[in-house]
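The primary structure of each chain is shown beneath.
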Amino acid sequence: MSQTIKQIESIKEFGGFLNRYTHDSEVCNCQMTFSVYLPPQTETQAVPALYWLSGLTCTDDNVRVKAGAQRYAAEHGIALIMPDTSPRGEQVPDEEARYDLGKGAGFYVNATQAPWGKHYQMYDYVTTELPALIEANLPVIAGLKSISGHSMGGHGALICALKNPQAFQSVSAFSPICHPMNCGWGQGCFSAYLGADENTWEQYDAVKLIEAGANCSGILIDQGTADEFLTEGQLHPESLQQACERAGIPLQLRLQDGYDHSYHFIASFIGEHIAYHSKALKQKTA
(Lines give C-alpha, C1' and ligand atoms only; values in the text may rest on other atoms or scores of the structure.)
Protein backbone atom coordinates (compact mmCIF):
# COMPACT_ATOMS: atom_id res chain seq x y z
CA MET A 1 0.00 0.00 0.00
CA SER A 2 1.37 3.40 -0.98
CA GLN A 3 2.07 5.67 2.00
CA THR A 4 2.49 8.86 -0.04
CA ILE A 5 0.23 11.87 0.42
CA LYS A 6 0.47 15.32 -1.16
CA GLN A 7 -0.60 18.42 0.74
CA ILE A 8 -2.46 20.82 -1.52
CA GLU A 9 -3.85 23.35 0.99
CA SER A 10 -3.23 24.64 4.50
CA ILE A 11 -5.26 27.22 6.43
CA LYS A 12 -4.64 28.27 10.03
CA GLU A 13 -7.71 28.02 12.27
CA PHE A 14 -8.07 28.17 16.05
CA GLY A 15 -4.34 27.74 16.54
CA GLY A 16 -4.14 24.64 14.37
CA PHE A 17 -4.19 23.96 10.64
CA LEU A 18 -6.92 22.82 8.26
CA ASN A 19 -5.06 20.88 5.59
CA ARG A 20 -6.15 19.14 2.40
CA TYR A 21 -4.34 16.22 0.83
CA THR A 22 -4.50 13.99 -2.23
CA HIS A 23 -3.17 10.49 -2.72
CA ASP A 24 -3.43 7.57 -5.10
CA SER A 25 -5.84 5.10 -3.55
CA GLU A 26 -5.15 1.45 -4.18
CA VAL A 27 -8.56 0.28 -2.98
CA CYS A 28 -10.55 2.87 -4.95
CA ASN A 29 -8.21 2.84 -7.96
CA CYS A 30 -8.19 6.61 -8.36
CA GLN A 31 -6.85 9.77 -6.79
CA MET A 32 -8.67 10.59 -3.57
CA THR A 33 -8.89 13.86 -1.66
CA PHE A 34 -9.34 14.27 2.07
CA SER A 35 -9.08 17.07 4.64
CA VAL A 36 -7.60 16.99 8.13
CA TYR A 37 -7.81 19.51 10.92
CA LEU A 38 -4.69 19.29 13.10
CA PRO A 39 -5.32 21.06 16.42
CA PRO A 40 -2.61 23.20 18.05
CA GLN A 41 -1.67 20.33 20.39
CA THR A 42 -0.07 18.51 17.45
CA GLU A 43 2.84 20.95 17.55
CA THR A 44 4.19 18.98 20.52
CA GLN A 45 2.39 15.62 20.58
CA ALA A 46 0.26 13.13 18.71
CA VAL A 47 -3.49 13.31 19.32
CA PRO A 48 -6.57 11.07 18.93
CA ALA A 49 -8.59 11.26 15.72
CA LEU A 50 -12.27 11.67 14.92
CA TYR A 51 -13.35 10.50 11.47
CA TRP A 52 -16.30 12.36 9.95
CA LEU A 53 -18.26 10.76 7.10
CA SER A 54 -20.35 13.17 5.06
CA GLY A 55 -23.67 12.60 3.34
CA LEU A 56 -25.12 12.38 -0.16
CA THR A 57 -23.80 14.93 -2.70
CA CYS A 58 -21.02 16.07 -0.33
CA THR A 59 -17.24 16.12 -0.56
CA ASP A 60 -14.69 16.66 2.21
CA ASP A 61 -15.38 20.38 1.88
CA ASN A 62 -18.91 20.52 3.32
CA VAL A 63 -18.16 19.70 6.93
CA ARG A 64 -14.96 21.69 7.17
CA VAL A 65 -16.72 24.84 5.94
CA LYS A 66 -20.20 24.51 7.47
CA ALA A 67 -20.06 22.58 10.75
CA GLY A 68 -17.83 24.77 12.92
CA ALA A 69 -16.18 21.62 14.24
CA GLN A 70 -12.60 22.89 14.19
CA ARG A 71 -13.16 25.20 17.18
CA TYR A 72 -14.20 22.26 19.36
CA ALA A 73 -11.51 19.97 17.99
CA ALA A 74 -8.93 22.57 19.03
CA GLU A 75 -10.41 22.79 22.53
CA HIS A 76 -10.35 19.01 23.01
CA GLY A 77 -7.11 18.27 21.18
CA ILE A 78 -8.61 15.98 18.54
CA ALA A 79 -7.66 15.69 14.88
CA LEU A 80 -10.61 15.74 12.47
CA ILE A 81 -10.30 13.39 9.50
CA MET A 82 -12.71 14.28 6.68
CA PRO A 83 -12.69 11.95 3.65
CA ASP A 84 -14.63 12.33 0.43
CA THR A 85 -17.90 10.45 -0.01
CA SER A 86 -16.96 8.48 -3.13
CA PRO A 87 -14.17 7.88 -5.64
CA ARG A 88 -13.60 10.64 -8.20
CA GLY A 89 -12.11 11.08 -11.65
CA GLU A 90 -13.04 10.78 -15.31
CA GLN A 91 -12.46 7.03 -15.23
CA VAL A 92 -14.84 6.53 -12.30
CA PRO A 93 -18.39 5.47 -13.30
CA ASP A 94 -21.23 7.78 -12.39
CA GLU A 95 -24.99 8.16 -12.78
CA GLU A 96 -25.22 11.83 -13.69
CA ALA A 97 -29.01 11.92 -13.71
CA ARG A 98 -29.13 10.80 -10.06
CA TYR A 99 -27.75 12.49 -6.95
CA ASP A 100 -28.19 9.32 -4.88
CA LEU A 101 -26.02 6.96 -6.93
CA GLY A 102 -22.45 7.25 -8.19
CA LYS A 103 -20.12 10.13 -7.40
CA GLY A 104 -21.00 11.73 -4.09
CA ALA A 105 -23.03 8.66 -3.14
CA GLY A 106 -20.56 5.90 -2.32
CA PHE A 107 -22.68 4.74 0.65
CA TYR A 108 -19.53 3.42 2.38
CA VAL A 109 -19.89 -0.07 0.92
CA ASN A 110 -17.53 -2.30 -1.05
CA ALA A 111 -19.31 -2.59 -4.40
CA THR A 112 -19.30 -5.99 -6.09
CA GLN A 113 -21.25 -5.24 -9.27
CA ALA A 114 -20.09 -3.81 -12.60
CA PRO A 115 -19.34 -1.05 -13.36
CA TRP A 116 -19.01 0.02 -9.73
CA GLY A 117 -16.80 -2.68 -8.24
CA LYS A 118 -13.46 -1.44 -9.55
CA HIS A 119 -13.65 1.91 -7.75
CA TYR A 120 -16.46 2.01 -5.20
CA GLN A 121 -14.68 0.39 -2.25
CA MET A 122 -15.45 3.08 0.31
CA TYR A 123 -15.85 0.73 3.26
CA ASP A 124 -12.30 -0.56 2.92
CA TYR A 125 -11.10 2.96 2.21
CA VAL A 126 -12.56 4.40 5.42
CA THR A 127 -11.77 1.49 7.73
CA THR A 128 -8.39 0.34 6.40
CA GLU A 129 -6.57 2.39 3.77
CA LEU A 130 -7.22 5.92 5.03
CA PRO A 131 -6.45 5.22 8.73
CA ALA A 132 -3.18 3.54 7.76
CA LEU A 133 -2.29 6.53 5.60
CA ILE A 134 -3.19 9.03 8.33
CA GLU A 135 -1.25 7.20 11.02
CA ALA A 136 1.82 6.84 8.82
CA ASN A 137 1.99 10.52 7.86
CA LEU A 138 0.31 12.72 10.47
CA PRO A 139 0.67 13.32 14.24
CA VAL A 140 -2.21 11.12 15.42
CA ILE A 141 -2.06 8.29 17.95
CA ALA A 142 -2.12 4.97 16.12
CA GLY A 143 -5.32 3.04 16.75
CA LEU A 144 -6.99 5.74 18.86
CA LYS A 145 -9.96 6.97 16.86
CA SER A 146 -13.71 7.51 16.91
CA ILE A 147 -16.21 8.02 14.11
CA SER A 148 -19.21 10.22 13.33
CA GLY A 149 -21.18 11.32 10.30
CA HIS A 150 -24.32 12.79 8.79
CA SER A 151 -27.16 11.15 6.84
CA MET A 152 -25.48 8.68 4.43
CA GLY A 153 -22.32 9.34 6.45
CA GLY A 154 -24.22 8.60 9.64
CA HIS A 155 -25.08 5.23 8.11
CA GLY A 156 -21.39 4.80 7.31
CA ALA A 157 -20.31 5.69 10.83
CA LEU A 158 -22.76 3.22 12.36
CA ILE A 159 -21.75 0.28 10.19
CA CYS A 160 -18.03 0.99 10.55
CA ALA A 161 -18.32 1.06 14.35
CA LEU A 162 -20.59 -1.98 14.56
CA LYS A 163 -18.37 -4.06 12.28
CA ASN A 164 -15.16 -2.86 13.97
CA PRO A 165 -15.94 -2.37 17.67
CA GLN A 166 -12.29 -2.59 18.68
CA ALA A 167 -11.15 -0.05 16.08
CA PHE A 168 -13.42 2.88 17.06
CA GLN A 169 -13.72 4.03 20.65
CA SER A 170 -17.09 5.72 20.12
CA VAL A 171 -19.66 6.45 17.44
CA SER A 172 -22.22 9.20 16.88
CA ALA A 173 -24.36 10.42 14.03
CA PHE A 174 -26.63 13.20 12.85
CA SER A 175 -29.81 12.12 11.04
CA PRO A 176 -28.34 8.78 9.98
CA ILE A 177 -29.88 6.40 7.46
CA CYS A 178 -30.38 3.75 10.11
CA HIS A 179 -32.07 1.00 8.09
CA PRO A 180 -31.05 1.46 4.43
CA MET A 181 -32.56 -1.86 3.34
CA ASN A 182 -35.93 -0.35 4.23
CA CYS A 183 -35.65 3.00 2.41
CA GLY A 184 -35.46 4.18 -1.16
CA TRP A 185 -31.95 5.59 -0.96
CA GLY A 186 -30.50 2.37 0.40
CA GLN A 187 -32.46 0.05 -1.85
CA GLY A 188 -31.39 1.97 -4.96
CA CYS A 189 -27.71 2.05 -4.08
CA PHE A 190 -27.51 -1.46 -2.61
CA SER A 191 -29.12 -3.06 -5.67
CA ALA A 192 -26.70 -1.21 -7.96
CA TYR A 193 -23.53 -1.68 -5.92
CA LEU A 194 -24.20 -5.11 -4.36
CA GLY A 195 -26.66 -6.86 -6.67
CA ALA A 196 -30.12 -8.29 -6.19
CA ASP A 197 -29.38 -10.68 -3.31
CA GLU A 198 -30.63 -8.82 -0.24
CA ASN A 199 -28.70 -11.16 2.04
CA THR A 200 -25.54 -9.35 0.94
CA TRP A 201 -27.08 -5.99 1.83
CA GLU A 202 -27.38 -6.91 5.50
CA GLN A 203 -23.65 -6.43 6.16
CA TYR A 204 -24.12 -2.70 5.45
CA ASP A 205 -27.36 -2.10 7.38
CA ALA A 206 -26.99 -1.01 11.02
CA VAL A 207 -30.30 -2.51 12.12
CA LYS A 208 -29.55 -5.84 10.47
CA LEU A 209 -26.00 -5.90 11.87
CA ILE A 210 -27.32 -5.43 15.41
CA GLU A 211 -29.98 -8.09 14.90
CA ALA A 212 -27.20 -10.45 13.75
CA GLY A 213 -25.19 -9.83 16.92
CA ALA A 214 -22.97 -6.82 16.16
CA ASN A 215 -22.30 -4.63 19.17
CA CYS A 216 -20.58 -1.49 20.37
CA SER A 217 -20.16 0.38 23.64
CA GLY A 218 -22.89 2.93 22.86
CA ILE A 219 -24.33 5.25 20.22
CA LEU A 220 -25.21 8.97 20.25
CA ILE A 221 -27.68 10.20 17.63
CA ASP A 222 -29.21 13.62 17.11
CA GLN A 223 -32.28 13.74 14.88
CA GLY A 224 -34.21 16.87 13.99
CA THR A 225 -37.99 16.58 14.23
CA ALA A 226 -38.46 18.88 11.20
CA ASP A 227 -36.15 16.76 9.02
CA GLU A 228 -37.94 16.27 5.69
CA PHE A 229 -36.25 12.92 5.14
CA LEU A 230 -37.51 11.66 8.49
CA THR A 231 -41.10 12.22 7.42
CA GLU A 232 -40.37 10.69 3.99
CA GLY A 233 -39.31 7.43 5.63
CA GLN A 234 -35.66 7.48 4.60
CA LEU A 235 -34.02 7.46 8.06
CA HIS A 236 -35.87 5.04 10.39
CA PRO A 237 -34.31 5.93 13.78
CA GLU A 238 -37.14 4.04 15.49
CA SER A 239 -35.93 0.79 13.91
CA LEU A 240 -32.44 1.38 15.27
CA GLN A 241 -33.86 2.22 18.68
CA GLN A 242 -35.82 -1.03 18.77
CA ALA A 243 -32.80 -3.07 17.66
CA CYS A 244 -30.56 -1.45 20.29
CA GLU A 245 -33.13 -2.05 23.02
CA ARG A 246 -33.36 -5.75 22.14
CA ALA A 247 -29.56 -6.08 21.96
CA GLY A 248 -28.82 -4.06 25.10
CA ILE A 249 -26.76 -1.44 23.26
CA PRO A 250 -26.90 1.97 25.02
CA LEU A 251 -28.44 4.44 22.57
CA GLN A 252 -28.91 8.15 23.17
CA LEU A 253 -31.47 9.12 20.53
CA ARG A 254 -32.05 12.84 20.99
CA LEU A 255 -34.99 14.24 19.04
CA GLN A 256 -34.19 17.92 18.53
CA ASP A 257 -37.39 19.91 18.16
CA GLY A 258 -37.73 21.95 14.97
CA TYR A 259 -34.34 21.14 13.45
CA ASP A 260 -33.99 20.03 9.83
CA HIS A 261 -31.45 17.91 7.92
CA SER A 262 -28.99 20.69 7.16
CA TYR A 263 -25.61 21.79 8.47
CA HIS A 264 -27.43 24.45 10.50
CA PHE A 265 -28.62 21.51 12.59
CA ILE A 266 -25.16 19.90 12.70
CA ALA A 267 -23.46 23.15 13.70
CA SER A 268 -25.90 23.51 16.61
CA PHE A 269 -24.81 20.25 18.26
CA ILE A 270 -21.38 19.35 16.83
CA GLY A 271 -19.64 20.66 19.96
CA GLU A 272 -21.55 18.19 22.12
CA HIS A 273 -20.63 15.33 19.81
CA ILE A 274 -16.94 16.21 19.88
CA ALA A 275 -17.08 16.39 23.68
CA TYR A 276 -18.75 12.95 23.69
CA HIS A 277 -15.96 11.47 21.59
CA SER A 278 -13.26 13.29 23.55
CA LYS A 279 -14.47 11.66 26.77
CA ALA A 280 -14.38 8.19 25.21
CA LEU A 281 -10.95 8.72 23.69
CA LYS A 282 -9.49 10.07 26.93
CA GLN A 283 -10.89 7.12 28.87
CA LYS A 284 -8.97 4.84 26.54
CA THR A 285 -5.69 6.61 27.26
CA ALA A 286 -6.26 6.99 31.02
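Our structure's up above, just so we're on the same page.
Below is a summary of the structure that appears in this document.

Criteria and cut-off values
- Residues numbered from 1 in each chain as written.
- Predicted model: local features only at pLDDT ≥ 70, side-chain atom pairs only at ≥ 80, totals over all residues.
- Heavy atoms only, no water.
- Core = buried A, V, L, I, M, F, W, Y, C linked by side-chain atoms within 4.5 Å.
- Buried < 20%, exposed > 50% of the residue type's maximum accessible area, 1.4 Å probe, protein only.
- Contact = heavy atoms within 4.5 Å.
- Helix = DSSP H or I, 4+ residues; strand = E, 2+ residues; numbered from the N terminus.
- Polar contact = N/O pair within 3.5 Å; in protein donor to acceptor, adjacent residues only side chain to side chain.
- Arc of directions from axis to C-beta.
- Salt bridge = Lys/Arg side-chain N within 4 Å of Asp/Glu carboxyl O.

## A few points about the nonpolar core
One finds Phe34, Phe107, Ile134, Ile147, Tyr193 and Leu240 to be the most contacted residues of the largest nonpolar core, which totals 70 residues. Setting aside residues up to four positions removed in sequence, Leu240 forms contacts with Leu158, Cys178, Ala206, Val207, Ile210, Ile221 and Leu251. By size, the runner-up hydrophobic cluster in this structure holds 21 residues, among which are Trp52, Ala67, Leu80 and Phe265.

## Overview of the side chain of Asp60
Following the sequence through the fold, Asp60 ends up in the loop between β4 (47-53) and α1 (61-66). For Asp60, a relative accessible area of 4% gives the class buried. A distance of 2.9 Å separates a polar atom in the side chain of Asp60 from a polar atom in the side chain of Arg20. At 2.5 Å, the side chain of Asp60 forms a polar contact with the side chain of Ser35. The residues touching Asp60, leaving out its near neighbours within four places in the chain, are Arg20, Thr33, Phe34, Ser35, Met82, Pro83 and Asp84.

## Section: helix α9 (residues 237-247)
Where α9 is concerned, the buried positions are Pro237, Ser239, Leu240, Ala243 and Cys244. With its buried residues spanning 155° around the axis, α9 presents them on a single face. Away from its buried face, by an angle of more than 90 degrees, α9 presents the exposed residues Glu245 and Arg246. Where α9 is buried, its residues meet α4 (152-163), α7 (206-211), β8 (219-224), α8 (228-231) and β9 (251-256). Of the residues trailing α9, Gly248 is marked for its positive phi of about 75°.

## Concerning the pattern of salt bridges
If you walk through the whole model with that rule in mind, you get eleven salt bridges. Salt-bridge contacts for Arg64 lead to Glu9; the nearest nitrogen and oxygen are separated by 2.5 Å. Taken together, the residues span a long stretch of sequence, with Arg64 in helix α1 and Glu9 in strand β1 (residues 6-13) at a distance of 55 residues. By relative accessible area, which is 7% here, Arg64 ends up buried. Under the relative-accessibility criterion, Glu9 is labelled partly exposed at 26%. One connected set of salt bridges, linked through shared partners, spans Glu9, Arg20, Asp60, Asp61 and Arg64.

Worth remembering: the numbers are spatial, not functional.
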